[in-house]
Number of protein chains: 2
Amino acid sequence: MPQHASELRVDGDRLWASLMEMARIGATAKGGCRRIAFSAEDDAARALFKSWCVEAGLDVVFDRFGNMFARRAGREDGAPVVLGSHLDTQPTGGRFDGILGVLAALEAVRCLNDAAVTTRRPLVIANWTNEEGAIIRPMIGSETFTGALPLAEALALTDDAGTSISELLAGMQNGAGPLEVGFPIHRYLELHIEQGPILENEGGQIGIVTGGIGFRRYVFNFQGQEAHAGPTPMESRKDAMVAAARAVLMADTAARGKPGARATIGQLHTRSGSPNTVAADVEMTLDLRHGDNAVLDALEQEVLSGIARMASDQGVSVSWREVANSSAVPFDAEVIAVVADAAGALGYRSSRMLSGAGHDACHIARKYPAGMIFVPSANGLSHNEAEYTAPDDCRAGADVLLRAALHFAEPVGPA
Amino acid sequence: MPQHASELRVDGDRLWASLMEMARIGATAKGGCRRIAFSAEDDAARALFKSWCVEAGLDVVFDRFGNMFARRAGREDGAPVVLGSHLDTQPTGGRFDGILGVLAALEAVRCLNDAAVTTRRPLVIANWTNEEGAIIRPMIGSETFTGALPLAEALALTDDAGTSISELLAGMQNGAGPLEVGFPIHRYLELHIEQGPILENEGGQIGIVTGGIGFRRYVFNFQGQEAHAGPTPMESRKDAMVAAARAVLMADTAARGKPGARATIGQLHTRSGSPNTVAADVEMTLDLRHGDNAVLDALEQEVLSGIARMASDQGVSVSWREVANSSAVPFDAEVIAVVADAAGALGYRSSRMLSGAGHDACHIARKYPAGMIFVPSANGLSHNEAEYTAPDDCRAGADVLLRAALHFAEPVGPA
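What counts, and where the lines are drawn
- Residues numbered from 1 in each chain as written.
- Chains lettered and ligands numbered in written order.
- Predicted model: local features only at pLDDT ≥ 70, side-chain atom pairs only at ≥ 80, totals over all residues.
- Heavy atoms only, no water.
- Least-squares fit on C-alpha atoms with pLDDT ≥ 70 in both.
- Contact = heavy atoms within 4.5 Å.
- Buried area = accessible area lost by both parts, 1.4 Å probe.
- Salt bridge = Lys/Arg side-chain N within 4 Å of Asp/Glu carboxyl O.
- Polar contact = N/O pair within 3.5 Å; in protein donor to acceptor, adjacent residues only side chain to side chain.
- Helix = DSSP H or I, 4+ residues; strand = E, 2+ residues; numbered from the N terminus.
- Axes fitted to C-alpha atoms, helices over the stretch in contact; angles between N-to-C directions.
- Parallel < 35°, antiparallel > 145°, perpendicular 65-115°, else oblique.
- Left-handed = near helix turned anticlockwise from the far one by under 90°.
- Nonpolar A, V, L, I, M, F, W, Y, C, P; charged D, E, K, R; others polar.
- Phe/Tyr/Trp six-rings, centres within 6.5 Å; stacked < 30°, edge-to-face > 60°.
- Buried < 20%, exposed > 50% of the residue type's maximum accessible area, 1.4 Å probe, protein only.
- Lys NZ or Arg CZ within 6 Å of the ring centre and 35° of its normal.
- Pairing = 2+ DSSP bridges.
- UniProt positions renumbered as here; feature names shortened; annotations may be inferred.
- 1 Å grid on protein atoms, 1.4 Å probe; cavity = no way out; pocket = protein on both sides within 12 Å on 5 of 7 lines; lining within 4 Å.
- Expected span 1.5 Å × (residues − 1).
- Domains from an automatic or database assignment.

### A word on the relation of the copies chain A and chain B
Its rotation angle being 180°, the transformation that places chain A on chain B also includes 0.1 Å of axial translation and leaves an RMSD of 0.1 Å. When the rotation and shift are considered jointly, the pair of chain copies conforms to a two-fold rotation axis.

Right under this line is the structure:
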């Protein structure tokens, strides 16, 4: 890239100020954010982001699934370099997860504007719809974009109250637009907080992400027999809560037995009864992850068959359904190399790592060359109101994003 | 008792018809009842019972806590023999738990009316308020009656929505009345379904209940740390759900290690997060029971200290509060003997047993001579819509109740 372009650096203070202003929408008492997809807060975040993009001279369009794209024209009109992430949060989420990737992309564009740099290819900032999956399931914006989830099917999905996404989008000021879903992408780059403790533990500032972990998510139901807590001897019980507790520990133990594996029971509820009734109906979620699809298969087999056997031994019936499934996905080798080169050229300590979380980049990577850049999460915390990434780390990540984006968009000098 | 009185038998068909008619109020699709205390269904059950009592010539009064008393005058005006139980049910309860004791007492009175038998002492049928504790906590009607729970304190208790019992009673047609709470009782008798499998397993038809089991109930809260399910290695987690699952199994195991002990986790809920977030906030109930207060103390000590140690090891903080506490209570020796004599004279196979459940009789027994009669629960089921006691067993229990009640009320021949 031309010398002057390689000297470009983002304005870390401006990026931080934008992050903090965005964090006021849906701010929680504990310093986090509650900006659930399709909510009034999500809508307000979209409006604020749109106003910033318009100020930066970008064309903002919404596709029929509500995915937002802010376009900076290139000298030529080919497939764009897309930089993106999401502005929605977990119900009790933080200020950085997703937001950093969107606002760092905006900061990169502001920086190009300040330096009057033109690129050969267009640059597009993406804000994907409902990445967190607090409603229905995660990452369906990018899944729909690639066609892996057909649009009609996606729009017909319903939340717990039975409201369809189509209706949810119709209730927003900044929901769906006229743009058809999906367009060719030259390269896709997503800057994101790590959401884990690895970079911090290793003293790294930039994570060069080599791929996305695979995950499978289930909802389990345990059916036992209601009985009075007092007169019913322990040995006569068919206790759905005890069976569920055993299942929780079986999954936890199985994941601890396989390096790199994760098992999480994020939600568990007894659905009937009272404090003095043996529980007969328990529902729980289970999320299993591994970076190697074969190991994930083995983990799944061990956990599911173990739970089935255990429940049978306890006289409790168990059923489950898979509600999400994403195979492990490697990122594009060239994109990985360009991110590594950018981190190196900028002098940042970096580590190669897998992404333990699912990201929109994982869907995009199945269709177009894609990669990710991680920055540290303080104490490894994410999906937590205390989530934090230091200003200097946000700036470093944005600088790597800018440099890698410029590599692919090809600066052709001031306009 | 005079020859003609000892020959009195209840009308089993009439009793069964009354049980089935009452079961239509709050009937559930699965054949049970949902008649939560203070609800419209509870109110309707009280209205029906009141109409039957008035038909039987009884004076019906309500005390200031909503306890209902239907009085049949005796030749003298001393302390009455009280026969009672409750008409409220669990949220998904059955048709017999409590209801049998009230309607069998009514059947006994109908039988005395038919035979024109007068007793020396008055007979009173009691329907105690909120026995099940689906609202707030169990047996507070009888607890208030004996003064163990002061009336003002009881009326100020609030449900989960913050509504006081005073307000709940004011919302009922058949709630609180002008009668001051508490009056002297000569003897108290309660017929109840066993709610466990012991009589059925032993082939017995009548349980001679020697006392009530002690129980303690707690609400636990586990506080861990929210973290993303993917990037957070298993060894970095502070998982409140895993700690709660360990607590469930510790309580279950401890109870299995002490003959006659019970431990029940009837309700457990993750209170924040999502399927892909490590749970940071879990609430669960724990109910511990034993017939011997010293063993119950030891069980409590083992479970509470074990959970505290385990949680600390897991990096999870745990707190708990005791929400109910009832020490084991022996029943009156004379009442036990009279029940045993009645069962023997009527030729029923009987077993002596403790009550594993708390009952209003346990509160009354702390102040007045009291006892209980059990009849079998099919498959030991109770607090369950499938709860069932055969017509012949209902009749047998009512016959024993009538005979024991007559012993204490003293028949003085036709009026």
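### Observations concerning the interface of chain A and chain B
The interface of chain A with chain B comprises 59 residues on the first partner and 60 residues on the second. Both sides of the chain A and chain B interface together cover about 5,200 Å² of buried area, and 55% of this is carbon and sulfur. It is His228, Met234 and Pro275 of chain A in chain A that bury the most area against chain B; as a group they hold 13% of the surface buried on that side. At the junction of chain A and chain B, the tally comes to zero salt bridges. At the surface where chain A touches chain B, the tally comes to 26 residue pairs in polar contact (both at pLDDT 80 or more). Of all elements in the fold, only α9 (240-256), β9 (262-264), β10 (268-270) and β11 (281-290) of chain A reach the threshold of two or more residues within the side of chain A that touches chain B. At nine residues, the largest contribution of residues to the side of chain A that touches chain B is made by α9 of chain A.

### Considering the packing of helix α2 (residues 12-22) of chain A against helix α13 (residues 391-409) of chain A
Packed helices, taken two at a time, are described by their axes: the angle between them and the distance between them. Residues and elements named next belong to chain A. It is at 9 Å that the axes of α2 and α13 come closest, and there the two elements cross at 110°. By the angle class used here, α2 and α13 are roughly perpendicular. Viewed along their axes, α2 and α13 form a crossing whose handedness is right-handed. Taking contact as the criterion, the partners of Gly12, Leu15, Trp16 and Leu19 in α2 are, on α13, Pro391, Cys394, Arg395 and Ala398. Across the contact of α2 with α13, the residue classes tally to six nonpolar, one polar and one charged.

### Structural notes on the packing of aromatic side chains
Scanning all chains against the criterion turns up 24 aromatic pairs over all chains. Between the aromatic rings of Tyr218 of chain B and Phe220 of chain B, the centroid separation amounts to 6.2 Å while the plane-to-plane angle is 65°, which identifies the pairing as edge-to-face. Of the two residues, Tyr218 of chain B and Phe220 of chain B, neither departs from the other in class, the shared state being buried. Taken together, the ring pairs in this structure connect Phe69, Trp128, Phe145, Phe183 and Tyr188 of chain A into an aromatic cluster. The aromatic ring of Phe215 of chain A is capped on one face by Arg289 of chain A, whose charged end is 4.7 Å from the ring centroid.

### Structural notes on the pairing of strand β2 (residues 68-72) of chain B
Residue and element names in this part refer to chain B. Burial analysis of β2 places four of its five residues in the buried class, the great majority of the element. Relative to β2, strand β1 (residues 59-62) runs antiparallel, the two sharing four bridges. Residue pairing for β2: Phe62 is matched across the bridge by Met68. The hairpin formed by β1 and β2 contains five residues between the paired strands, and Gly66 there has a positive phi angle of roughly 90°.

### Digging into the UniProt feature "binding site: Zn(2+) 2" (unreviewed entry) in chain A
Taking the UniProt record as the reference, the feature "binding site: Zn(2+) 2" (unreviewed entry) is found at Asp97, Glu132 and His383 of chain A. Spanning 287 residues, the named residues nonetheless gather at one spot, since no C-alpha pair among them exceeds 9.4 Å. Restricting the annotated residues just mentioned to those that line the largest pocket leaves Glu132 of chain A. Mapping Asp97 of chain A onto the fold places it in the loop between β3 (81-85) and α4 (99-114). Asp97 of chain A gets classed as buried once you look at its relative accessible area, which sits at 4%. A polar atom in the side chain of Asp97 of chain A sits 3.3 Å from the side chain of His86 of chain A. If we ignore the near neighbours within four places in the chain, the residues touching Glu132 of chain A are His86, Asp88, Thr89, Gln90, Asp97, Pro138 and His383 of chain A together with Asn276 of chain B.

### Looking at helix α4 (residues 99-114) of chain B
Residue and element names in this part refer to chain B. With 16 residues, α4 should cover 22 Å at 1.5 Å per step; its first-to-last C-alpha distance of 22 Å lies within 8% of that length. Counting buried positions along α4 yields 14 of 16 residues, so the element is predominantly enclosed. One or two residues past the end of α4 sits Ala116, with phi positive at roughly 55°.

### Some words on the domain arrangement of chain A
All names here are of chain A. By domain assignment, chain A separates into domain 1 (3-213 + 328-414) and domain 2 (214-326). Taking only C-alpha atoms into account, the centre of domain 1 sits 35 Å from that of domain 2. On the side of domain 2, 10 residues touch domain 1, which itself brings 11 residues to the contact. Where domain 1 abuts domain 2, roughly 790 Å² becomes buried across the two surfaces, and 55% of that area is made up of carbon and sulfur atoms. Counting the surface domain 1 buries against domain 2, the share from its top three residues, Pro138, Ile213 and Ala328, is 59%. Inspection of the domain 1/domain 2 interface yields zero salt bridges. In this assembly, domain 1 and domain 2 are joined by three residue pairs in polar contact (both at pLDDT 80 or more). Looking at the side of domain 1 that touches domain 2 residue by residue, the class counts come to six nonpolar, three polar and two charged.

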